[in-house]
Amino acid sequence: MEFRLYLLQRITALIMAPLVICHIAVMIYAIQGGLSAGEILGRTQGSVPWAMFYGTFVVAVSVHAALGLRIIVREWVGLDGIVLTGFSWATFWGLLSMGGYAVAAVVVGP
Amino acid sequence: MTYRNRAHPLWYAYILHRISGLALALFLPMHFYVLSLAFNEAALDAALAWTANPMVKFAEFGLVFLLAVHFFGGLRLLALEWLPWTPRHKTLAAGAVAASFLVSGTFFLQAI
Amino acid sequence: MTTAQDHMQVTVWRGGADEAGFYQAFQVPKYDSQTVLDVVAWIQQNADPTLSYRFACRVGMCGSCGMMVNGVPRWTCRTHVDRVMDRGGLKIAPLRNLPVIKDLATNMDPFFDKWTQAGGLHHGTATRHDPFEPVTHSSPGRADADAGIECINCAVCYAACDTVTGDPDYLGPAALNRAWTLVNDAKDGSRDAILDAVTGSGGCQSCHSMGSCAQYCPNELNPMASIAGLKRTAMKRAFRGR
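In this report, we go over the structure that sits alongside the text. (Residues numbered from 1 in each chain as written. Chains lettered and ligands numbered in written order. Predicted model: local features only at pLDDT ≥ 70, side-chain atom pairs only at ≥ 80, totals over all residues.)

Right, let's get into the overall build of chain C. When helices and strands are counted, chain C shows ten helices and seven strands. Reported as C-alpha extents along the three principal axes, the dimensions of chain C are approximately 65 × 35 × 30 Å. Taken across its 242 residues, chain C has 45% of its residues classed as buried. Within chain C, contacts between residues at least 6 apart in sequence are counted, and of these 65% link residues at least 24 apart. (Helix = DSSP H or I, 4+ residues; strand = E, 2+ residues; numbered from the N terminus. Buried ≥ 20, exposed ≤ 12 C-beta atoms within 10 Å, placed from the backbone. Contact = placed C-beta atoms within 7 Å.)

What follows concerns the overall build of chain B. Summing up its helical and strand segments, chain B has four helices and zero strands in all. Scanning chain B from its N terminus toward the C terminus, one meets helices and strands in the order α-α-α-α. Against the globule reference of 13 Å for 112 residues, chain B gives a C-alpha radius of gyration of 17 Å, more extended than a compact globule. Along the first, second and third principal axes, the C-alpha atoms of chain B reach 55 × 35 × 25 Å. The 112 residues of chain B split such that 32% are buried. (Rg over C-alpha atoms; globule rule 2.2 N^0.38 Å.)

Before going further, it helps to spend a moment on the interface of chain B and chain A. Note on interface size: it is often stated as the accessible area lost on association of the parts. Opposite the 32 residues of chain B that make contact, chain A presents 29 residues. Secondary structure elements with two or more residues in the side of chain B that touches chain A: helix H1 (9–36), helix H2 (41–49), helix H3 (54–82) and helix H4 (89–111) of chain B. Here the side of chain B that touches chain A gets ten residues from one element, more than from any other, and that element is H1 of chain B. Residue composition of the side of chain B that touches chain A, by class: 22 nonpolar, seven polar and three charged. (Nonpolar A, V, L, I, M, F, W, Y, C, P; charged D, E, K, R; others polar.)

This next bit is on the nonpolar core. Judged by nonpolar contacts, the single largest core of 67 residues is most densely connected at Ile92, Ala155, Leu176, Ala179, Val198 and Leu230 of chain C. Broken down by element, this core gets its largest block of residues, seven residues, from helix H7 (residues 173–183) of chain C. Ignoring anything within four residues of it in the chain, the contact list for Val198 of chain C reads Ala118, Gly119, Leu171, Leu176, Ala179, Gly203, Cys204, Leu230 and Ala234 of chain C. One finds Ala37 and Ala66 of chain A together with Phe32 and Leu44 of chain B within the second-largest nonpolar core, a separate group that totals 22 residues. (Core = buried A, V, L, I, M, F, W, Y, C linked by C-beta atoms within 7 Å.)

Turning our eyes to something else, we now look at the packing of H3 of chain B against H4 of chain B. Residue and element names in this part refer to chain B. Between H3 and H4, the shortest axis-to-axis distance is 8 Å and the interhelical angle comes to 150°. The orientation of H3 with respect to H4, classified from their angle, is roughly antiparallel. Every pair of crossing elements has a handedness; the one defined by H3 and H4 is right-handed. Here H3 contributes Lys57, Glu60, Phe61, Val64, Phe65, Ala68, Val69, Phe72, Gly73, Arg76 and Leu80 to the contact with H4, which in turn contributes His89, Leu92, Ala93, Ala96, Val97, Ala99, Ser100, Val103, Ser104, Phe107, Phe108 and Ala111. Taken together, the residues that form the contact of H3 with H4 break down as 16 nonpolar, four polar and three charged. (Axes fitted to C-alpha atoms, helices over the stretch in contact; angles between N-to-C directions. Parallel < 35°, antiparallel > 145°, perpendicular 65-115°, else oblique. Left-handed = near helix turned anticlockwise from the far one by under 90°.)

Moving on, we come to the environment of Gln9 of chain A. Of note, Gln9 of chain A is situated in helix H1 (residues 2–30). Discounting residues that sit within four places of it in the chain, Gln9 of chain A has contacts with His64 and Leu67 of chain A.

We now examine the pairing of strand S5 (residues 89–93) of chain C. All names here are of chain C. Of all five residues that make up S5, four are buried, and the element is covered over most of its length. By the bridge criterion, four bridges tie strand S1 (residues 7–14) to S5 in an arrangement that is parallel. The residue bridging Gln9 from the neighbouring strand is Gly89, located in S5. Of the strand pairs in this sheet, strand S3 (residues 66–69) and S5 are connected by two bridges, and their pairing is antiparallel. Its bridge partner lying in S5, Val69 is registered against Ile92. (Pairing = 2+ DSSP bridges.)

What follows covers the interface of chain B and chain C. Contact residues are listed per partner, giving 14 residues for chain B and 17 residues for chain C. Elements supplying a minimum of two residues to the side of chain B that touches chain C: H1 and H3 of chain B. Partitioning the side of chain B that touches chain C into residue classes produces nine nonpolar, three polar and two charged.

All names here are of chain C. One non-glycine residue, Asn70, lies in the positive phi region at around 50°. In this structure, Asn153 is a non-glycine residue whose phi angle is positive, near 55°. Structurally, Asn153 is set in the loop between helix H4 (140–146) and helix H5 (156–160). Overall, Asn153 belongs to the partly exposed group, with 19 C-beta atoms counted inside 10 Å.

With that out of the way, let us pick up the sheet that holds S5 of chain C. All names here are of chain C. Spatial strand order, S2-S1-S5-S3-S4: five strands in an open sheet with mixed pairing. Since the sheet does not close on itself, it has two edges, and those belong to strand S2 (22–29) and strand S4 (72–75), each with one partner. Shown here is a sheet whose adjacent strand axes are inclined to one another by a mean of 35°, direction ignored. Packing against the sheet, helix H1 (residues 36–47) makes contact with S1, S2, S3 and S5, and its axis sits at approximately 95° to S2.

Moving on, we come to H7 of chain C. With eleven of eleven residues buried, H7 of chain C is to be regarded as a mostly interior element. Those residues of H7 of chain C that sit buried are Pro173, Ala174, Ala175, Leu176, Asn177, Arg178, Ala179, Trp180, Thr181, Leu182 and Val183 of chain C.

Residue and element names in this part refer to chain C. Residues Val72 and Arg74 point to one face of S4 and Pro73 and Trp75 to the other, with burial holding for every one of them. As defined by bridge partners, S3 adjoins S4 across four bridges and the pair is classed as antiparallel. Bridge pairing in S4 places Met68 opposite Pro73. If you look at the hairpin formed by S3 and S4, you'll find two residues sitting between the two strands, and Asn70 has a positive phi there, around 50°.

As a further point, take the packing of H1 of chain A against helix H3 (residues 48–77) of chain A. All names here are of chain A. The N-to-C vectors of H1 and H3 enclose an angle of 145°; their axes lie 9 Å apart at closest approach. Judged by the twist between their axes, the crossing of H1 over H3 is left-handed. When H1 is examined against H3, the residues Leu5, Leu8, Gln9, Thr12, Ala13, Ile15, Met16 and Leu19 are found in contact with a partner set consisting of Phe53, Thr56, Phe57, Ala60, Val61, Val63, His64 and Leu67. Counted by class, the contact of H1 with H3 contains twelve nonpolar, four polar and no charged residues.

Below is the structure:
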């Protein structure tokens, strides 16, 4: 089980590698001249490709961050057993729901 | 004095990777919250008005640095674990930090 | 023996399994080519006979004399005082990550238990009537095994590793290094059982590659590379459906 979680951690990392490159590139482009809602929505609103891009990103990061935090609280805080499992699932669902809502917001728009 | 066993390059690479991951994980909920304001354009613009502040720009530079260092460091770890062994990991770790400064520095210069 | 020059301040951790520990200071005469083991022995023989410590060969081949010296795990018989002296002082403590029996002697049971838990036994396949396995030094698996077999179980890597500190289940660098040598050993018949053992709780997936094991191994072994090899092998096996 632990080894499968390790594989999941690495696989989500691989999935996110090209997404991170693209995201940083877009941020370097977008930050020029300041940020505005209009500029962001002009890109993302109604866009299926951006929905898929950020949707994939959110699912992958929810798994990756939940697993990463799991290791940290186990080694540095000492959580274990059912408390650790509960924490991990809570982190995953928390990030997935907030992230999913954010993707919906920029794709659907005002 | 008691924990001198940590004063070597690959240990610093490990702690940087862990701290950057932790910081990014803590930042994400805030990031998702701000973006979810997009349902109301005026609300999003009000929140984005904060980003004109130079302190915020510097914080954004820090965040991009953390993301880049976690990304490049992560690639190094994937190479360490999945590709044939190379003795060059201290060099790769240093290269990861250098590349992160390059990327986040580029961002910062565009931001200011 | 050369004449003593001046003295140095040496603080030594004292305590037992059930008592709170404390650091006790001694003034120890300096000599040329003095090792940390020489210092500990001088203290026990001349200053405080109740000091407990462990050593055997005193020439760097048995691994018994491992201790924390100024925060770093070392073989004390091979550590010259002038190489590690810190602002005129030495701080000596029992190896980290292991339960203490008394003073500088630690209980090595958890270390050896994890060694066997990771599969560190020989799993024979043949009888005396069978021809023996032709092991060639040039096969790539043998090269990987040879790189790791000089381990003498001194627990310096185990003491250096912060993942061992944070995760009591973690098998540790030495046990996993040994498992890797067996996975690459043509004579060993239990490759799959070993891979199961090193991917269970506390297995190779827990390693964060911080590299303190390789940094401080007195035999210059690289458990971090061995553990990476285990991860690679276990991953390939997992994708083939095991």
